[in-house]
Amino acid sequence: MRLNTLYALLLVVLMRSQAQQDLGNKVFFFPKETDTAHVVLKPIMKTPLRKLSVCLRSYTDLSRQYGLFSLAMSDPKVYNAFLIMISPPHYCSVYINNEQISIKVDPEVGDWKHTCVTWDSTSGVIQLWINGKLYPRKVSNKGFSINTKINIIVGQEQDLFGGGFNKSQSFVGDLTDIHMWDSVLTPGDIQKVMTNDHTGNVINWRSLNFDITGDALIQPNLQCVKQWQYTKYTQC
Ligand SMILES: *[C@@H]1O[C@H](CO)[C@@H](O)[C@H](O)[C@H]1NC(C)=O
Ligand SMILES: [Ca+2]
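Description of the structure in this document. This is a predicted model, so every value here is computed, not measured.

What counts, and at which threshold
Residues numbered from 1 in each chain as written. Chains lettered and ligands numbered in written order. Predicted model: local features only at pLDDT ≥ 70, side-chain atom pairs only at ≥ 80, totals over all residues. Heavy atoms only, no water. Buried < 20%, exposed > 50% of the residue type's maximum accessible area, 1.4 Å probe, protein only. Helix = DSSP H or I, 4+ residues; strand = E, 2+ residues; numbered from the N terminus. Pairing = 2+ DSSP bridges. Near = heavy atom within 4 Å. Polar contact = N/O pair within 3.5 Å; in protein donor to acceptor, adjacent residues only side chain to side chain. Nonpolar A, V, L, I, M, F, W, Y, C, P; charged D, E, K, R; others polar. Disulfide = S-S within 2.5 Å.

This part covers the pairing of strand β6 (residues 91–96). Among the 6 residues that make up β6, 5 are buried, leaving the element largely enclosed by the rest of the structure. In this structure, the hairpin formed by strand β5 (residues 78–87) and β6 is closed by a connection of 3 residues. Note: β6 against strand β7 (residues 99–104), 6 bridges, orientation antiparallel. Bridge assignment links Tyr 91 to a residue of β7, and that residue is Lys 104.

With that settled, consider the site of ligand 1. Around ligand 1 sit Gln 65, Asn 166, Ser 168 and Gln 169, and those are all the residues in its vicinity. The separation between an oxygen atom of ligand 1 and a polar side-chain atom of Gln 65 is 2.9 Å. Measuring from an oxygen atom of ligand 1, one finds a side-chain N or O atom of Gln 169 at 3.4 Å. Considering only residue class, the shell around ligand 1 consists of no nonpolar, 4 polar and no charged.

Moving on, we get to unusual backbone geometry. For the bond running from Asp 75 to Pro 76, omega is 0°, close enough to zero to count as cis. Along the chain, Pro 76 falls in the loop between β4 (66–73) and β5. In this model, Pro 88 is joined to Pro 89 through a cis peptide bond whose omega is 0°. Assignment of secondary structure puts Pro 89 in the loop between β5 and β6. The backbone phi angle of Asn 141 is positive, close to 50°, even though this residue is not glycine. Tracing the sequence through the fold places Asn 141 in the loop between β11 (138–139) and β12 (150–154). Its identity is not glycine, yet Asp 177 carries a phi of approximately 50°, on the positive side.

Glancing now at the state of the cysteines. Linking two cysteines covalently through their sulfur atoms gives a disulfide. Tallied over the full model, the rule gives 1 disulfide. There is a disulfide in this structure between Cys 55 and Cys 116, and the S-S distance comes to 2.1 Å. Sign of the S-S torsion, about 110° for the bond between Cys 55 and Cys 116, identifies this disulfide as right-handed. Pair noted here: Cys 55 is in strand β3 (residues 51–59) and Cys 116 is in strand β8 (residues 113–120), with a separation of 61 residues, a long-range link.

So this is what it looks like as structure tokens:
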């Protein structure tokens, strides 16, 4: 009887730590530059990734380099297995298997920015979409795949598996609507993601399993983007 109660309690604790949250109308807010504040995003992933798409929205006034999305592999040790780094005002870098691909983009403006990156191992083709605009495509690491021993972090950029943070590359500001897929989104899907009409099957902002460490907060999204093309901001 007592053992049963103990098991029941343990189950509740386990289920709580596995709980998924719907973060619709919420943001991760990173209030200041640190080398600690970050969020680990736990993916749903059973097989290696040979295709992927990552989309998220960001709002920052940083003018220095910062990491937007950091995926590291532990075995083999590939800490920039998939990384999105921004170097304002003109460059967005996508790293696959530690190879840096820089893409020249329109200058940063003080506004919400919706970023999607897709990669297909079959061709190596990388697509970068910012606010629904496709930038010139690039190629990296044809044939590479990302195995399941990974750690995904926002707020910091990993120079080690789950660590090696540098505050000069940390993110400061708001992040929201983070989604990841094990496929390459079509242009139509990307339009849907922008209007929050398509959710990820590897990471889903509306059903997110995550751990917050350090000085990062969940805050209401004060400017929800419902119909990006038509009325840019609506109240939540
Ligand atoms: C931290 O990042 C800055 C800016 O990118 C760089 O100049 C510096 O060398 C980095 N420090 C370490 C220890 O990696
Ligand atoms: Ca670094």
